[in-house]
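Next come the chains, spelled out residue by residue.
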Amino acid sequence: SQTIHQWPATLVQPVGSPLSLECTVEGTSNPNLYWYRQAAGRGLQLLFYSVGIGQISSEVPQNLSASRPQDRQFILSSKKLLLSDSGFYLCAWTPGQGRGQPQHFGDGTRLSIL
Amino acid sequence: QKEVEQDPGPLSVPEGAIVSLNCTYSNSAFQYFMWYRQYSRKGPELLMYTYSSGNKEDGRFTAQVDKSSKYISLFIRDSQPSDSATYLCAISLPHTGNQFYFGTGTSLTVIP
């Protein structure tokens, strides 16, 4: 069966520091991968999605970036964190083939910027 | 207009009650409908997935889709304290795998 892993679960970082959040999927090949940010009462905001290695689409301009160095690995990064980057970050995947398949989420990273 | 609207609640019910959670959506082109359950400090967990009008049942959970009214519902029968969570509806388009739209979530508390 397929599983998705995110780490770390919790992260506290100072303003201006760099960021690297990692997500990996097991048990499937060539998945579509997604990064979301979830703010209380505001739903899920799609940040990036990827349909293959090195292929990244950005949905919201900001100081975050994403990379997909391997088929089942998705990384969210920042060179300099802002206070506004605090939030709950979720990684998700869908099968690469087959339209309309639902997304499956990891357990998220709670990021606090001080 | 948002693609999908969901009443944020909070909703509080006694154990054993029937719970009804609802979402409306704006575009009749949406064809795939999902419900997720999210416990505090966890990621959303897929609960129900359907792509047609009508009802889909899974244990105590029933998902209902009314495409003519652009209305989707999740019913929980014999609610349990373990059902206390935030429930998110989600919809997607048929021609792309990358466009999902989520409701803001309804917070449910089932009181023992």
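In what follows, the structure referred to is the one given above.
Residues numbered from 1 in each chain as written. Chains lettered and ligands numbered in written order. Predicted model: local features only at pLDDT ≥ 70, side-chain atom pairs only at ≥ 80, totals over all residues. Heavy atoms only, no water.

### With respect to the overall build of chain A
Short version of the rule: Secondary structure follows DSSP: runs of H or I at least 4 residues long count as helices, runs of E at least 2 residues long count as strands, and numbering of each begins at the N terminus. The globule rule used for comparison is 2.2 Å times the number of residues to the exponent 0.38, while the radius of gyration itself is calculated over C-alpha atoms. Pairs of residues are marked as contacts when any of their non-hydrogen atoms sit within 4.5 Å. In these tables, accessible area is a Shrake-Rupley quantity obtained with a 1.4 Å probe, and a residue counts as shielded only by the protein chains included in the view.
The helix and strand tally for chain A stands at 0 helices and 11 strands. For chain A, the C-alpha radius of gyration of 14 Å lies close to 13 Å, the compact-globule estimate for 114 residues. The principal-axis extent of the C-alpha atoms belonging to chain A is close to 40 × 30 × 25 Å. The contacts of chain A with a sequence gap of at least 6 include a subset with a gap of at least 24, amounting to 54%. Summed over its atoms, the accessible surface of chain A is roughly 5400 Å², and 50% of this surface lies on carbon and sulfur atoms.

### Overview of the state of the cysteines
Threshold: Criterion for a disulfide: a pair of cysteine sulfur atoms at a distance within 2.5 Å. Any residue under 20% of the maximum accessible area for its type is buried, any over 50% is exposed, and the rest in between are partly exposed; the area is computed with a 1.4 Å probe on protein chains only.
Inspection of the entire model under this criterion finds 2 disulfides over all chains. Linked covalently through their sulfurs, C23 of chain A and C91 of chain A form a disulfide whose S-S length is 2.0 Å. Between C23 of chain A and C91 of chain A the disulfide shows an S-S torsion of about -75 degrees. By sign, it is left-handed. Here C23 of chain A, found in strand β3 (residues 19-26), pairs with C91 of chain A, found in strand β9 (residues 87-94); they are 68 residues apart in sequence, far enough to count as distant. Of the two residues, C23 of chain A and C91 of chain A, both sit in the buried class. Each sulfur in the disulfide pair C23 of chain B and C89 of chain B lies 2.0 Å from the other. For the disulfide bridge between C23 of chain B and C89 of chain B, the dihedral angle about the S-S bond is near -100 degrees, and by the sign convention the bridge is left-handed.

### Quick notes on the sheet that holds strand β7 (residues 61-66) of chain B
All names here are of chain B. We count it as follows: Pairing between two strands is assigned when DSSP locates at least 2 bridges connecting them. All axes are obtained by fitting lines to C-alpha atoms, using only the stretch in contact for helices, and the reported angles, taken between N-to-C directions, cover 0 to 180 degrees.
Spatially, 5 strands are ordered β1-β3-β8-β7-β6 in an open sheet, and the strand pairing comes out antiparallel. Two strands close off the open sheet at either side, each with one partner strand: β1 (4-6) and β6 (54-58). Mean inter-strand twist for the sheet, computed between neighbouring axes without regard to direction, equals 20 degrees. Where β6 meets β7, 5 bridges bridge the pair, whose relative direction is antiparallel. Following the sheet pairing, D58 is matched in β7 by F61.

### Let's talk about the pattern of salt bridges
Threshold: A carboxyl oxygen of Asp or Glu within 4 Å of a side-chain nitrogen of Lys or Arg is what we treat as a salt bridge.
Going through the model one piece at a time under the given rule, you end up with 6 salt bridges over all chains. A salt bridge links D107 of chain A to K42 of chain B, with the shortest nitrogen-to-oxygen separation between them at 3.7 Å. Here the residue D107 of chain A occupies a position in the loop between β10 (104-105) and β11 (109-113), and K42 of chain B occupies one in the loop between β4 (32-38) and β5 (45-50), the pair thus bridging two chains. Owing to a relative accessible area of 43%, D107 of chain A belongs among the partly exposed residues under this scheme.

### Remarks on the pairing of strand β8 (residues 71-76) of chain B
Residues and elements named next belong to chain B. Pairing geometry for strand β3 (residues 19-25) and β8, over 6 bridges, is antiparallel. Opposite T24, over in β8, you have Y71 as the bridge partner. Examined bridge by bridge, β7 and β8 share 6 bridges and lie antiparallel to one another. Within β8, the position partnered with A63 by the bridge is L74. Hairpin connection from β7 to β8: 4 residues lie between these consecutive antiparallel strands, with K70 at a positive phi of about 55 degrees.

### Remarks on the interface of chain B and chain A
Worth spelling out the cut-off: Accessible area that two parts lose when put together, with a 1.4 Å probe and added across both, is what the buried area reports. Whenever two N or O atoms come within 3.5 Å, that pair is a polar contact, provided that in protein one can donate a hydrogen and the other can accept it, and provided that, for residues adjacent in sequence, both atoms are side-chain atoms.
Between chain B and chain A, the residue contacts involve 21 residues of the former and 24 residues of the latter. Between chain B and chain A lies a buried interface of about 1700 Å² when both sides are counted; carbon and sulfur atoms form 55% of it. Where chain B packs against chain A, one counts 1 salt bridge. Summed over the shared surface of chain B and chain A, the result is 3 residue pairs in polar contact (both at pLDDT 80 or more). Among the elements of the structure, β4, β5, β9 (85-92) and β10 (100-102) of chain B are those that each provide at least two residues to the side of chain B that touches chain A.

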